[in-house]
Structure formats: C-alpha cells, structure tokens
Amino acid sequence: MDKFKSIFKQDKSIIGMIHLKALPGTPMYTFNSSYIIEEALKEAKIYKKAGIDAIMIENMHDVPYLKVGVGHEVSTLMTLIAYLIKQDTNLPVGIQILAGANKEALAVAKSSSIDFIRAEGFVFAHTADEGIIEAQAGELLRYRKQIDADSIAIFTDIKKKHSSHAITHDISVLDTAKAAQFFLSDGVIITGNHTGMAASIDELKVLKDQIEIPVLVGSGITIDNVKDYFPLCSAMIVGSHFKEQGFWKNELSYERVSRFMNVLKG
C-alpha cells in the first residue's frame, strides 16, 4: 500500500488507457513512428485536460500478440512514448506490454522514469489466446531488483480476462490474490472475462475484506456503474468507456472522459 500511495495522490484513482496504434513489425502496423507518437501525446493531453488521475499505455493493436517476448522495435518506441507522456503531463504513468511481456515492460518503465506496470502471469499459469502463460513473479521481482527499479509498482492481473483457468479452477480468486500478495505483488487487478466486461462485485467485496494490498478493477467500468465499484477498490483502469461509442478501437472522447470524472468527483 505504501508504494501505491507514493504513486497516486488520490485514495481512489482513475487510470485512463491509451491504446497505442500498431507498433513497428506487427501485422497491423501502418503509420510511421511520428504519427504513433503524436496520437499518443494527443490522447494524453485529452486525459490531462479532462482531469484524469493517471495514464497507462498498452500495445493492444499489436494483434496477434507474441507470448511473453516482444521485439526491440516495440519496446524502444514504447519507452519514448512513455517518457514523453510523463514529461508532458506530470501524471502517474504506467505500461502493459502484451502478451505477458512483463520484463520488457519493467525495462521500459525504468528507462522512461514512469511509475508502474500491469503484469499478467504473475502467479499461477493460465491458458491465453497466445498459449500457456507461465507465472513470472520470481524472475520479475529479481529483475526489478537488479535494475534498481524498486520504486516501480507491479500491479498484477489475477484470473485474467481472455483466458482459460480450467487448470486452476479449484483455486479461488481470493486464494489467487493471497498468493500474489505472498509473492510481493504491489496490487491485484481483477477483470471480467473479456475487454469491456465488468468485474464481479461479489469477488471485489471478498478481496477488499481479506487482502492487505490494493485491489484495482481492470475492465468494464462505465459512468453508470462506477459508483458501485468506487468503494470497493483503490483504482480503476478505464479504456473502452472513454472511446467514442464505448468501443476500444474508436477515438478517445474528451466529452466522455470529462463527464465521467465530473460524475465521480462532482
């Protein structure tokens, strides 16, 4: 909790997602690097103007995702974008690199002086679209120590969306969260089953009462349900709802972000 409080100025923070345009070397790559950077910075300015608490970048357009590893052409451009967003906004900034490229994300965070990463596959294996994602906690935290990046928080998905958890079906969300806590996660993220799908209120209530690290909601937050989730978590990562028509591929809407923040903090 101390690391969370050192990053976020609010007890309940809203983290706005920037889905970067497809990056070099990926099948959907179309635009040059200058355009990708300009679009990311434009969205960061929209978030800042609308009063968002923090920003996170993600390579969601890089489908189909590689499992765990990504090329230097991806991580280097994400480093530059992260650095520029941090300098332009002076907000807490985080990163996720799909799929399961947690070590690369930590390297980017260290090099760009941003604040946190979102890691999948921290504890327990699961089967995702990309294949079997192994648990990485031991290697990842040792790497964080080696590169002197202890100030960077690692928030970890549990029972991650877009994944099968049949092998660990007998391990509850609470048991998974307790394992993440024991393995020194800085906070756990729970989601619905798919992008834009709401997380379980009942699961959140259980986690809030029984684990000591921050709980973040990673999908499905909208202007209509945010006040239901607000008392149950430390932060909410919002992406799809802030886009035109509430669809993640569409343009970021200042009006949707501003209205959401006004409702929440008004």
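It should be noted that the structure appears before, not after, this text.
Residues numbered from 1 in each chain as written. Predicted model: local features only at pLDDT ≥ 70, side-chain atom pairs only at ≥ 80, totals over all residues. Heavy atoms only, no water.

Here we take up the overall build of the protein. In terms of regular secondary structure, the protein is built from nine helices and 11 strands. Here the C-alpha radius of gyration of the protein, 17 Å, is about what a compact globule of 266 residues would show, namely 18 Å. Looking at the protein as a whole, 56% of its 266 residues qualify as buried. Partitioning the contacts of the protein with sequence separation of at least 6, the portion at a separation of at least 24 is 70%. With the model as given, the accessible surface of the protein reaches about 11,800 Å², and the carbon-plus-sulfur share is 52%. (Helix = DSSP H or I, 4+ residues; strand = E, 2+ residues; numbered from the N terminus. Rg over C-alpha atoms; globule rule 2.2 N^0.38 Å. Buried < 20%, exposed > 50% of the residue type's maximum accessible area, 1.4 Å probe, protein only. Contact = heavy atoms within 4.5 Å. Areas by Shrake-Rupley, 256 points an atom, 1.4 Å probe, with all protein chains shown as cover.)

Here the focus is the sheet that holds strand 9 (residues 187-190). Strand order around the closed barrel formed by eight strands is 1-2-3-4-7-9-10-11, with parallel pairing between neighbours. Averaged over all neighbouring strand pairs, the angle between strand axes comes to 25°, with direction disregarded. (Pairing = 2+ DSSP bridges. Axes fitted to C-alpha atoms, helices over the stretch in contact; angles between N-to-C directions.)

A word on the pairing of strand 7 (residues 153-157). Working note: regular strand, side chains alternate between the two faces of the sheet. Across the five residues that make up strand 7, a large majority, five, are buried. The two faces of strand 7 match: Ala153, Phe155 and Asp157 on one face and Ile154 and Thr156 on the other face are all buried. Bridge count between strand 4 (residues 116-119) and strand 7: four bridges; the pairing is parallel. Bridging across to strand 7, Arg118 finds its partner in Phe155. Of the strand pairs in this sheet, strand 7 and strand 9 are connected by three bridges, and their pairing is parallel. Across the sheet, residue Thr156 finds its bridge partner in strand 9, namely Val188.

The next thing to look at is the packing of helix 6 (residues 173-182) against helix 7 (residues 201-210). Put simply, helix 6 and helix 7 touch, their axes get as near as 10 Å, and they point 40° apart. Judged by the inter-axis angle, helix 6 sits oblique to helix 7. Considering how the two elements wind past one another, helix 6 and helix 7 form a crossing that is right-handed. Across the interface between the two elements, Val173, Leu174, Ala177 and Lys178 of helix 6 pack against Glu203, Val206, Leu207 and Gln210 of helix 7. (Parallel < 35°, antiparallel > 145°, perpendicular 65-115°, else oblique. Left-handed = near helix turned anticlockwise from the far one by under 90°.)

Here we take up the packing of aromatic side chains. Tallying each qualifying case throughout the model produces 10 aromatic pairs. Between the aromatic rings of Phe8 and Phe116, the centroid separation amounts to 5.7 Å while the plane-to-plane angle is 50°, which identifies the pairing as tilted. Of this pair, Phe8 sits in the loop between helix 1 (2-7) and strand 1 (13-19) while Phe116 sits in strand 4, and the two are 108 residues apart along the sequence. Phe116 carries the same exposure label as Phe8, and that label is buried. Taken together, Phe4, Phe8, Phe116 and Phe155 form an aromatic cluster joined through their ring pairs. Looking at Lys103, its charged tip hangs above the ring of Tyr143, at a distance of 4.8 Å from the centre. (Phe/Tyr/Trp six-rings, centres within 6.5 Å; stacked < 30°, edge-to-face > 60°. Lys NZ or Arg CZ within 6 Å of the ring centre and 35° of its normal.)

With their axes 10 Å apart at the nearest point, helix 2 (residues 33-50) and helix 3 (residues 72-89) run at an angle of 30° to one another. Our pair here, helix 2 against helix 3, has a crossing hand that is right-handed. Across from Ser33, Ile36, Ile37, Ala40, Leu41, Ala44, Lys45 and Lys48 in helix 2, the residues of helix 3 making contact are Leu77, Leu80, Ile81, Leu84, Ile85, Asp88 and Thr89. Each residue belonging to the contact of helix 2 with helix 3 can be placed in one class, and the counts come to 10 nonpolar, two polar and three charged. (Nonpolar A, V, L, I, M, F, W, Y, C, P; charged D, E, K, R; others polar.)

Topologically, Thr176 is positioned in helix 6. Aside from chain neighbours lying at most four places away, what touches Thr176 is Val123, Phe124, Ile158, Lys159 and Ile171.

Take the nonpolar core next. By size, the foremost hydrophobic cluster in this structure holds 70 residues, and its most contacted members are Ile85 and Ile117. Setting aside its immediate chain neighbours within four residues, Ile117 contacts Ile95, Asn102, Ala105, Leu106, Ala109, Leu140, Ile152, Ala153, Ile154 and Phe155. Ranked by size, the runner-up nonpolar core spans 14 residues in total, among them Ala54, Phe116, Ala153 and Leu216. (Core = buried A, V, L, I, M, F, W, Y, C linked by side-chain atoms within 4.5 Å.)

This is a description of form; function is not addressed.
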